[in-house]
Amino acid sequence: MRIIDDIQVKQNVYITARERGKIVARREGHNIFLNTGREWLAALISYASFAPDVFENVDRVRYMGFGIGGFRQLALPTANSSPIGGVSDAYRASYSQAGANNQTDTDPDVVQVERPVRVTGGTNDYPTNTGDRWVEQIQAPPEHNPASTSTFRRLFGQQEINYSPYISVPLSEIGLFTSAANPEFAFNPPVAYDTFDTLSKTAAFELEVIWTLSF
Amino acid sequence: MNNVFINHYRHGKLVDHRELHNVWVDNGRKYLAEMITETVFGSPVREDRLKYFGVGIGSTRRNVLATQAPLSTSYPAGNDPWATAGNEYQKEYAPSPDVQTLELPVRKSGGELAYDDPLLSATDVWLFEPPDVYFTHQTTQSVTAHCFIDASTYVTYGSFTQVPLTEAGLYTDGVHNAGGAAPADVAVDVNKPYSPLVAYVNFDTILLDSNSTVEFIWSVRFAP
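Residues numbered from 1 in each chain as written. Chains lettered and ligands numbered in written order. Predicted model: local features only at pLDDT ≥ 70, side-chain atom pairs only at ≥ 80, totals over all residues.

**Q** Is there a simple way to explain the overall build of chain A in this structure?
**A** On a plain count of helices and strands, chain A comes out with two helices and 12 strands. Counting from the amino terminus, helix and strand elements in chain A follow one another as β-β-β-β-α-β-β-β-α-β-β-β-β-β. Put simply, chain A has 215 residues, and 44% of those count as buried. Put simply, of all contacts in chain A between residues at least 6 apart along the chain, 72% involve residues at least 24 apart. (Helix = DSSP H or I, 4+ residues; strand = E, 2+ residues; numbered from the N terminus. Buried ≥ 20, exposed ≤ 12 C-beta atoms within 10 Å, placed from the backbone. Contact = placed C-beta atoms within 7 Å.)

Listed below in structure tokens is the structure:
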């Protein structure tokens, strides 16, 4: 029996690391659909005005991005030391948060990936952005199987996320973003978010992300 | 937590108030899943938003008046997708049958012929639309539809002196792709009785006559 007041948005995130095609690590988790996402959905299904009909929001899910923040970061010494963190820190927050690995995937108030990492780009401290890519496009079209779900996929290649001098990047958080995100901006607001036990990305690995939203 | 509120006024005075749960039906879940996606970047799968509202006299709460002429003549059972007896839809267990439409929708305005008369269906209006329906955000994470039915003008007309409402539905405008033809489970037509809805509620009878006005306040909320 179903009596539904609120539309439950259930999520499943699967992250698989493969080395030469063989699975070497896997993370599975439930993430949280954030308040930013709930606000986006409410606007997405609404008109701003009628006659003529004007959409209130036109953004759709388009990007994924990783970070090294979140409370499940198990490799803090690596995350907080050079070249990733520390005094000469490229990824230790100086932008809008302390980046103290406090974010959980149970708090709907999360508004950004805590310590986002570049997919490609340079090595400057936050918030230097020019030429950097912090989030990347999912594969299109997504799957709807069953019809009340949307499954988004993204394959992060061997040279993405980790590049010199970031030989090993201890990933521990991931965000799902709409087309409103600016890929060259580090702190976009995700609509859904997940933290997971550290998965260190090196150039030996490819990361496949499968993210399903169920309604 | 209730999300559908109904106020029934007679001669301008509040005579009944209901607070109910709705069900977001499978068609609505499919709508959301498609709505957030793009076929290719820049080409959304769907472009329809919440826009219409409909009422009916079917469901498990159907009133005996709905089984008698003239209502039973104009609104006969068995024309819905499941060819039910007119008293089977319910919000508590919407999958059986899978609620896709109202069970016995009633016209906002038009004639009195039985469902889907080929000659007059184009002049009948089955759904309420803006400005009779408007939408607000009571919170930033919800959408609330407001529909005000003035029965001195709508629903009760001609021989329909009393109409026992027992169900209601919320609809998008059914546009599938920008400029594309919508599939049958998406297309919404205000001039046809059985359009696919996204949310459904049934309730004990609210008996409309020409002195009645009914206000529906229907919130759609998203949980974390």
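**Q** Where do I start with the overall build of chain B in this structure?
**A** When helices and strands are counted, chain B shows two helices and 11 strands. For chain B, the succession of helices and strands along the chain, N to C, is β-β-β-α-β-β-β-α-β-β-β-β-β. A globule of 224 residues ought to have a C-alpha radius of gyration of about 17 Å, and chain B, at 17 Å, matches this closely. Projecting the C-alpha coordinates of chain B onto the three principal axes gives extents of approximately 55 × 40 × 35 Å. Looking at chain B as a whole, 46% of its 224 residues are labelled buried. Intrachain contacts of chain B at a sequence separation of at least 6 include 72% that bridge at least 24 residues. (Rg over C-alpha atoms; globule rule 2.2 N^0.38 Å.)

**Q** Looking at this model, I keep getting lost on the sheet that holds strand 6 (residues 50–56) of chain B. Mind explaining?
**A** Pairing between the strands of a sheet is mediated by backbone hydrogen bonds and can be parallel or antiparallel. Residues and elements named next belong to chain B. What the four strands build is an open sheet, ordered 3-10-9-6; its pairing is antiparallel. Of all strands in the sheet, those with a lone pairing partner are strand 3 (23–24) and strand 6, marking the two edges. Across six bridges, the pairing between strand 6 and strand 9 (residues 163–172) is antiparallel. Bridging from a neighbouring strand, Val55 pairs with Ala168 of strand 9. (Pairing = 2+ DSSP bridges.)

**Q** Explanation requested: the interface of chain A and chain B in the structure shown.
**A** By a frequent convention, interface size equals the accessible area lost on bringing the separate parts together. Taken together, the 37 residues of chain A in the interface contact 37 residues of chain B. Contributions of two or more residues to the side of chain A that touches chain B are made by strand 1 (6–8), strand 4 (32–33), helix 1 (35–44), strand 7 (61–67) and strand 9 (149–156) of chain A. For the side of chain A that touches chain B, the element with the most residues is helix 1 of chain A, which contributes six residues. Of the residues that constitute the side of chain A that touches chain B, the class distribution is 22 nonpolar, eight polar and seven charged. (Nonpolar A, V, L, I, M, F, W, Y, C, P; charged D, E, K, R; others polar.)

**Q** What is the right way to look at the pairing of strand 1 (residues 4–10) of chain B in this model?
**A** Moving residue by residue along a regular strand, the side chains alternate between the two faces of the sheet. Residues and elements named next belong to chain B. With seven bridges joining them, strand 1 and strand 2 (residues 13–20) adopt antiparallel strand pairing. Residue pairing for strand 2: Asn7 is matched across the bridge by His17. For strand 1 and strand 11 (residues 212–223), the ladder comprises seven bridges, and the chain directions are antiparallel. The partner of Phe5 across the bridge, within strand 11, is Ile217.

**Q** What exactly am I supposed to notice about the environment of Phe53(B) here?
**A** Residues and elements named next belong to chain B. Relative to the elements of secondary structure, Phe53 occurs in strand 6. Spatially, the C-alpha atoms of Phe53 and Ala199 are 9.9 Å apart, while their sequence positions differ by 146 residues. When sequence neighbours within four positions are dropped, the list of residues in contact with Phe53 reads Leu127, Phe128, Val133, Ala145, Cys147, Leu170, Tyr171 and Phe216.

**Q** Would you mind going over helix 1 of chain A with me for this structure?
**A** Given 3.6 residues per turn, any residue in an α-helix points the same way as the ones three and four places further on. Within helix 1 of chain A, seven of the 10 residues are buried, leaving the element largely enclosed by the surrounding structure. Of the positions making up helix 1 of chain A, those classed as buried are Thr36(A), Gly37(A), Arg38(A), Trp40(A), Leu41(A), Ala42(A) and Leu44(A). The inward-facing, buried residues of helix 1 of chain A abut strand 4, strand 10 (168–178) and strand 11 (192–202) of chain A together with helix 1 (26–35), strand 8 (142–150) and strand 11 of chain B.

**Q** I tried to follow the nonpolar core on my own but got confused; where do I start?
**A** The nonpolar side chains of a soluble globular protein tend to be buried, and buried together. With 100 residues, the main nonpolar core has Phe53(B), Leu170(B) and Ala199(B) as its most contacted residues. If near-sequence neighbours (up to four positions away) are discounted, Leu170(B) is found in contact with Leu50(B), Phe53(B), Ala145(B), Leu197(B), Val198(B), Ala199(B) and Trp218(B). (Core = buried A, V, L, I, M, F, W, Y, C linked by C-beta atoms within 7 Å.)

**Q** It is not clear to me how the environment of Val201(B) should be interpreted in this structure. Could you clarify?
**A** Residue and element names in this part refer to chain B. If you trace the backbone, Val201 turns up in strand 10 (residues 199–208). Given 22 C-beta atoms within 10 Å, Val201 falls into the buried group. Val201 sits 167 residues away from Glu34 along the chain, and the two C-alpha atoms are 23 Å apart. Contact partners of Val201, with chain neighbours within four places excluded, come to Val4, Leu20, Asn22, Lys91, Glu167 and Ala168.

**Q** I tried to follow the sheet that holds strand 7 of chain A on my own but got confused; where do I start?
**A** Residues and elements named next belong to chain A. With antiparallel pairing, the five strands of this open sheet are ordered in space as 4-11-10-7-8. Single-partner strands in this sheet number two, and they are strand 4 and strand 8 (136–137). Both strand 4 and strand 11 contribute to a ladder of two bridges, which runs antiparallel. Bridge assignment links Phe33 to a residue of strand 11, and that residue is Ala192.

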